[in-house]
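Chain by chain, the residues:
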Amino acid sequence: MHFAQLPQVEAAAVPADGFLLDVREEDEWAAGHVEGALHIPMGQVVARFGELTESVGEGHRVHVMCRVGGRSAQVTQYLVAQGLDAVNVDGGMLAWEAAGRPMVGGREGTADGAFVL
């Protein structure tokens, strides 16, 4: 599967009750994230795959996000290959913030340029 064929969704189209997997690093997560998202840094996804499948439950879609969409695209590709219904959140946290979607953490719960996403 090439990234051009990768299933993706716009940040504004992620359902409010959708399952989110944030694959950014710890400092990025602390700077601001989506409340309720599961945080597993990209480098830990394979080792923590069981935790992910337990958390998402059978038959639910995994919306994968990072800062701009590159790392999450790689993780989405892996998850799809493992048989999960996974989609990349196009534009990542930057698109999430631009769409006015809610966030927690960081300064005043926003993802402005004052800190790293």
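Residues numbered from 1 in each chain as written. Predicted model: local features only at pLDDT ≥ 70, side-chain atom pairs only at ≥ 80, totals over all residues. Heavy atoms only, no water.

- Under an unreviewed UniProt entry, the name given to the protein is Rhodanese-like domain-containing protein, and the source organism is Streptomyces botrytidirepellens.

1. A short note on the overall build of the protein
Next, step 1: A tally of regular secondary structure across the protein gives four helices and five strands.
Next, step 2: Starting at the N terminus and walking to the C terminus, you meet the elements of the protein as β-β-α-β-α-β-α-β-α.
Next, step 3: The proportion of buried residues among the 117 residues of the protein is 42%.
Next, step 4: Once local pairs closer than 6 in sequence are excluded, the contacts in the protein between residues at least 24 apart make up 65%.
Next, step 5: Carbon together with sulfur atoms contributes 51% to the accessible area of the protein, which is approximately 6000 Å² in total. (Helix = DSSP H or I, 4+ residues; strand = E, 2+ residues; numbered from the N terminus. Buried < 20%, exposed > 50% of the residue type's maximum accessible area, 1.4 Å probe, protein only. Contact = heavy atoms within 4.5 Å. Areas by Shrake-Rupley, 256 points an atom, 1.4 Å probe, with all protein chains shown as cover.)

2. As for the pairing of strand β4 (residues 62-65)
Next, step 1: Along β4, one buried face is formed by Val62 and Val64 and the opposite face, lined by His63 and Met65, is buried too.
Next, step 2: Inspection of the sheet shows β4 paired to strand β5 (residues 86-90) by three bridges, in the parallel sense. Its bridge partner being in β5, Val64 is matched across the sheet by Asn88.
Next, step 3: As a crossover connection, the stretch from β4 through helix α3 (residues 70-81) into β5 is right-handed. (Pairing = 2+ DSSP bridges. Right-handed = clockwise from strand over helix to strand, strands pointing away.)

3. Topic: the side chain of Glu28
Next, step 1: By secondary structure assignment, the location of Glu28 is in helix α1 (residues 26-31).
Next, step 2: According to the relative accessible area criterion, Glu28 is buried, its value standing at 7%.
Next, step 3: Polar side-chain contacts of Glu28 include one of 2.7 Å to the backbone nitrogen of Glu25.
Next, step 4: There is a polar contact of 2.8 Å between the side chain of Glu28 and the side chain of Arg71. (Polar contact = N/O pair within 3.5 Å; in protein donor to acceptor, adjacent residues only side chain to side chain.)

4. Some thoughts on the nonpolar core
Next, step 1: Among the nonpolar cores identified, the biggest contains 14 residues, and Leu21, Val23, Leu52, Val62, Val64, Val75 and Leu79 are the most heavily contacted of them.
Next, step 2: When residues of this core are traced back to their parent elements, those giving at least two are β2 (19-22), α2 (49-56), β4 and α3.
Next, step 3: Dropping the residues within four chain positions of it, Leu79 is found in contact with Leu21, Val45, Phe49, Leu52, Val62, Val64, Leu84 and Ala86. (Core = buried A, V, L, I, M, F, W, Y, C linked by side-chain atoms within 4.5 Å.)

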